[in-house]
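Residue strings, one per chain:
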Amino acid sequence: MTALKLSNVCKSFGKVEVLKNIDLTVEEGEFVVFVGPSGCGKSTLLRVISGLEETTSGDIDIGGRSVNDVPPAKRGIAMVFQSYALYPHLTVRENMALALKQERKPKDEIAERVAEASRMLSLADYLDRRPSELSGGQRQRVAIGRAVVREPELFLFDEPLSNLDAALRMNTRLEIARLHRQLGASMIYVTHDQIEAMTLADKIVVLRDGRVEQVGSPMEIYNNPANRFVAEFIGSPSMNFVPATMLGGPEGQFVGIRPEYAQVNANGRLKGKVVHVENLGGDTNILVDIGDDLTFTSRMFGQYNAQVDQEIALDFDEGKCLIFDKDGQRI
Amino acid sequence: MSKARHNPLNSFAAHAALIAYTLIALFPVFVILINSFKTRKAIFRDPLALPDGDSFTMIGYQTVMKQGDFFLYFQNSMIVTVATLFFVLLFGAMAAFALAEYRFKGNMLMGLYLALGIMIPIRIGTVAILEMMVSTGLVNSLWALILVYTAQGLPLAVFILSEFMRQVSDDLKNAGRIDGLSEYTIFFRLVLPLVRPAMATVAVFNMIPIWNDLWFPLILAPAEETKTLTLGSQVFIGQFVTDWNAVLSALSMAILPVMILYVIFSRQLIRGITSGAVK
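Here, residues in each chain are numbered from 1, in the same order as that chain's written sequence. Here every chain gets a letter starting at A, and every ligand a number starting at 1, in the order they are written. For a predicted model such as this one, the threshold for reporting local features is a pLDDT of at least 70, and the threshold for listing and counting side-chain atom pairs is 80 or more; totals across whole chains, interfaces and linings nevertheless cover every residue.

**Overview of the overall build of chain A**
The helix count covers DSSP runs of H or I at least four residues long, the strand count covers runs of E at least two residues long, and both are numbered beginning at the N terminus. Counting secondary structure elements, chain A contains eight helices and 18 strands. For chain A, buried positions account for 39% of its 331 residues. A pair of residues counts as a contact when their C-beta atoms, built from backbone coordinates, are within 7 Å of each other. For chain A, restricting intrachain contacts to residue pairs at least 6 apart in sequence, the fraction spanning at least 24 positions comes to 61%. Buried residues are those with 20 or more other C-beta atoms within 10 Å of their own C-beta, exposed residues have 12 or fewer, and partly exposed residues lie in between; C-beta atoms are placed from the backbone.

**Overview of the domain arrangement of chain B**
Residue and element names in this part refer to chain B. Domain extents, as shown, originate in an automatic or database domain assignment. Domain annotation of chain B identifies domain 1 (3–57) and domain 2 (71–270). Residue-level contacts link seven residues of domain 1 with seven residues of domain 2. Looking at the side of domain 1 that touches domain 2, the elements that each hand over two or more residues are helix H2 (8–36) and helix H3 (40–45). In terms of residue count, H2 provides more of the side of domain 1 that touches domain 2 than any other element does, five residues in total. Three residue categories are used. Nonpolar comprises Ala, Val, Leu, Ile, Met, Phe, Trp, Tyr, Cys and Pro, charged comprises Asp, Glu, Lys and Arg, and polar comprises the others, including Gly. For the side of domain 1 that touches domain 2, a count of residues per class yields four nonpolar, two polar and one charged.

**Some points on the UniProt feature "domain: ABC transmembrane type-1" (unreviewed entry) in chain B**
UniProt positions are given in the numbering used here, feature names are shortened, and annotations may be inferred rather than shown by experiment. In the numbering used here, UniProt assigns the "domain: ABC transmembrane type-1" (unreviewed entry) feature to residues 74–265 of chain B. Secondary structure across residues 74–265 of chain B divides into 78% helix and 0% strand, with the first and last C-alpha atoms of the span separated by 20 Å.

**Quick word on the sheet that holds strand E1 (residues 2–13) of chain A**
Residues and elements named next belong to chain A. When DSSP finds two or more bridges between two strands, those strands count as paired. In space, the four strands of this open sheet follow the order E2-E1-E4-E5, with antiparallel pairing throughout. Each edge of the open sheet is held by one strand with a lone partner, namely strand E2 (16–27) and strand E5 (65–66). In this sheet, strand E4 (residues 57–62) lies alongside E1 in antiparallel orientation, the contact comprising five bridges. Residue pairing across strands places Lys-5 opposite Asp-61, the latter belonging to E4.

**Re the UniProt feature "domain: ABC transporter" (unreviewed entry) in chain A**
UniProt marks residues 4–234 of chain A with the feature "domain: ABC transporter" (unreviewed entry), using the numbering shown here. Along residues 4–234 of chain A the backbone is 36% helical and 27% strand, and the end-to-end C-alpha distance reaches 25 Å.

**Some remarks on the UniProt feature "transmembrane region" (unreviewed entry) in chain B**
Residue and element names in this part refer to chain B. The sites that carry the UniProt feature "transmembrane region" (unreviewed entry) are, in the present numbering, residues 12–34, 78–100, 112–130, 142–165, 186–208 and 246–265. Within residues 78–100, the helical portion is 100% and the strand portion 0%, while the C-alpha atoms at the span's ends are 32 Å from each other. Each end of residues 186–208 is marked by a C-alpha atom, and these two atoms are 31 Å apart; helix forms 96% of the span and strand 0%.

**Points about the nonpolar core**
Here, a nonpolar core denotes buried Ala, Val, Leu, Ile, Met, Phe, Trp, Tyr and Cys residues that are linked to one another through C-beta atoms within 7 Å. Counting 132 residues, the largest nonpolar core has Val-33 and Ile-188 of chain A together with Leu-145, Leu-161 and Val-195 of chain B as its most contacted members. A total of 14 residues in this core trace back to one element, the largest contributor, which is helix H8 (residues 142–167) of chain B. Apart from residues lying up to four places away in sequence, Val-195 of chain B is in contact with Leu-161, Phe-164, Met-165 and Val-168 of chain B. Core analysis: the next-biggest nonpolar cluster, separate from the first, contains 11 residues, Phe-70, Ala-246, Leu-248 and Ala-254 of chain B among them.

**Focus on the interface of chain A and chain B**
It is common to give the size of an interface as the accessible area that goes away when the parts come together. Taken together, the contact pairs 25 residues of chain A with 19 residues of chain B. Residue assignment for the side of chain A that touches chain B shows that the elements contributing at least two residues are strand E6 (77–80) and helix H2 (92–102) of chain A.

**Quick look at the pairing of strand E12 (residues 254–257) of chain A**
Residue and element names in this part refer to chain A. The side-chain alternation of E12 yields two buried faces, one formed by Phe-254 and Gly-256 and the other by Val-255 and Ile-257. Strand direction decides the pairing type here: strand E11 (residues 240–243) and E12, joined by four bridges, are antiparallel. Note that in E12 the partner of Val-242 across the bridge is Val-255. Two elements, E12 and strand E18 (residues 322–324), share three bridges in a ladder whose sense is antiparallel. Within E18, the position partnered with Phe-254 by the bridge is Phe-324.

**A short note on the confidence of the model for chain A**
Predicted confidence across chain A gives a mean pLDDT of 92, with 100% of residues reaching 70 or more. Scored between 0 and 100, pLDDT is the confidence that the predictor attaches to each residue. Averaged pLDDT values over the elements of chain A bottom out at 90 in strand E13 (residues 262–264) of chain A and peak at 95 in strand E3 (residues 31–35) of chain A.

**A few points about helix H10 (residues 183–194) of chain B**
Residues and elements named next belong to chain B. Here the expected span of a helix is defined as 1.5 Å times the quantity of residues minus one. End to end, H10 covers 16 Å across 12 residues, agreeing with the expected 16 Å (1.5 Å per residue, within 8%). Within the sequence span of H10, burial applies to Ile-186, Leu-190, Val-191, Leu-192 and Leu-194. Along its buried surface, H10 packs onto helix H5 (70–101), H8 and helix H9 (170–178).

**What to know about the sheet that holds strand E7 (residues 154–158) of chain A**
All names here are of chain A. Strands sit in the order E6-E7-E8-E3-E9-E10 across an open sheet of six strands; the sheet is mixed. Only two strands of the sheet have a single partner each, and these edge strands are E6 and strand E10 (211–216). Pairs of neighbouring strands in the sheet enclose a mean axial angle of 20°, with direction left out of account. Relative to E7, E6 runs parallel, the two sharing four bridges. Its bridge partner being in E7, Ala-78 is matched across the sheet by Phe-155. Each of E6 and E7 touches helix H4 (residues 136–148); the most contacted strand, E6, lies at about 175° to it. Throughout, an axis means a line fitted to C-alpha atoms (over the contacting stretch in the case of helices), and angles, computed between N-to-C directions, take values from 0 to 180 degrees.

**Here we look at the packing of H5 of chain B against helix H11 (residues 196–212) of chain B**
Residues and elements named next belong to chain B. Two elements in contact, H5 and H11, have axes separated by 10 Å at closest approach and are oriented at 145°. Crossing angle aside, the handedness with which H5 passes H11 is right-handed. Across the interface between the two elements, Ser-77, Val-80, Thr-81, Thr-84, Leu-85, Val-88, Leu-89, Gly-92 and Ala-93 from H5 touch Met-199, Val-202, Ala-203, Asn-206, Met-207, Ile-210 and Trp-211 from H11. By residue class, the composition of the contact of H5 with H11 is 11 nonpolar, five polar and no charged. Crossings are classed by handedness, with left-handed meaning an anticlockwise turn of the near helix from the far one by less than a right angle and right-handed meaning a clockwise turn.

**Re unusual backbone geometry**
In terms of backbone geometry, most residues other than glycine have negative phi values and most peptide bonds are trans. Residue and element names in this part refer to chain A. Across the junction of Ser-236 and Pro-237, the peptide omega takes the value -5°, indicating a cis bond. Relative to the helices and strands, Pro-237 resides in the loop between helix H8 (228–233) and E11. Of note in the backbone geometry, Ser-122 takes a positive phi value of approximately 45° without being a glycine. One can find Ser-122 in the loop between helix H3 (107–120) and H4. Ser-122 sits in the exposed class, given 12 other C-beta atoms within 10 Å. The phi dihedral of Glu-151 is positive, around 45°, even though this residue is not glycine. Relative to the helices and strands, Glu-151 resides in the loop between H4 and E7. Given 14 C-beta atoms within 10 Å, Glu-151 falls into the partly exposed group.

**Points about the packing of helix H6 (residues 107–119) of chain B against H8 of chain B**
Residue and element names in this part refer to chain B. Direction vectors running N to C along H6 and H8 enclose 125°, while the axes themselves pass 6 Å from each other. Judged on the interaxial angle alone, H8 and H6 are oblique. Relative to H8, H6 is oriented so that their crossing is left-handed. In contact with Gly-111, Leu-114, Ala-115, Leu-116, Gly-117 and Ile-118 of H6, H8 contributes Leu-154, Pro-155, Leu-156, Val-158, Phe-159 and Ser-162. A breakdown of the residues in the contact of H6 with H8 according to their chemical character gives nine nonpolar, three polar and no charged. Each angle gets one of four labels, with under 35 degrees taken as roughly parallel, over 145 as roughly antiparallel, 65 to 115 as roughly perpendicular, and the rest as oblique.

**Focus: the environment of Pro-72 of chain A**
Mapped onto the elements, Pro-72 of chain A comes out in the loop between E5 and E6. For the pair Pro-72 of chain A and Leu-52 of chain A, spaced 20 residues apart in sequence, the C-alpha to C-alpha distance is 6.4 Å. Among residues more than four places away in sequence, those in contact with Pro-72 of chain A are Ser-50, Gly-51 and Leu-52 of chain A together with Arg-177 and Ile-178 of chain B.

What follows is the structure in structure tokens.
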């Protein structure tokens, strides 16, 4: 069964079109990540799915049921916000129970579900505290717990980790992944962080300017990007684009080379001067000026000793190169 | 911490300015208070002296208690002020929420229209208001005052509150919507507690001019049973003779409730329960 089906969804604010003809299917149990630069419409798309914004045109089906005219609370969804959005005057327990109370569920069922969710998220010790007495990570766990107790058909996450520091972000990411496995629920997750996208997703949806650029599994998107935008956006450091003429190819084409496929090689085809070296311990990123104002990034595995201003030659694996035309489409 | 912030000279200057302002602001209140306990002669002989064994008297307070129905006036003032504050805060907050939260055609225009009242003094319309009150039979009722003061207070309330409501996190309101709260519940349970400091500000701004107003009580509700405290105190001010003891005593007593209300609201001004709701 499909958890979510969007057909031809458009959304405009006044004259500004924010979403343009979005078609998308989310299968049951799938973890789908919307990713894209800021302003690409990914959060708006999430709000349209949740019902917080109305569509301008198009259809939304959740769990096989058209929800175009259904208010957010009755769509069978639960949402986790970037700013946690906990109710400041309620305790953790009351925060989690509120939605169930609104649905007039029996008291013992509410207590049971809250207990279950708080055990799952190790919140049992904090149930009687108020949000102001919790740390950022705990608050976000409460927000996730508030979604879990509702047992929704579809979870919506709106950049839930953006307010957390790096270490906590990683922990919470793992927690969300574990939760997804445990619940087997369908989830949609919005982020601009490609690491979150790559690590969590079953399916990534890359958005740009309100359009879907590509849909696919993380590895599909990484290995086989549909166009230059996707190729550049996914992968860190991002892909190098070298005019084909520099490598003896035809005019108007670009060769895309991922930094890890370009290695230092004394007989390499790309020569230049090192402009910067980033030593990350596990990897070393070498930025090389290869002429024509192009800075080429090579990612060497392990620690590599390179000096700024040193002349260096790089070679790459031709089988791993991607060719793009001048409009950025794959050839 | 920067050195500049700890400069003792700066800090001294700041305190000196604040203390000077406090003294200037409190001086008239102080003079009213001490003179209300003095004999008439002592008031005129040396207005700034503290009451001593010779000059101390409670005659002013006794006159106030005997003459006129002081407690009724007091009660009228209280009813008018509290009811007005209630309506101004309720309707002001509701209008502000609508303006801040919902996108509709003419939102901007409506906001400007509601704020127009800040610039136009309501007293310009006194004659029309009086005619209206006469034809609706509200003259000499407390409702006349409550309605006029509510109208007078709403523009500023809407203006201030809508600014604050815009700052309440959208995510919080949306979380409420997803959890199935009605718009009224979101307004009363989520938004209002978060803008409580702004509500207190509006309340204080409105309370004092209403409590002290003489104009509208004199025109709309001068009857004995609807007199407010300020109007009631006027009986002691005559064209030729003024009973200063009584006037000062009445004023001293009139200050009290405003102070109490102010203390209640200023607590709200300081208390911040918002921390922890959103980052």
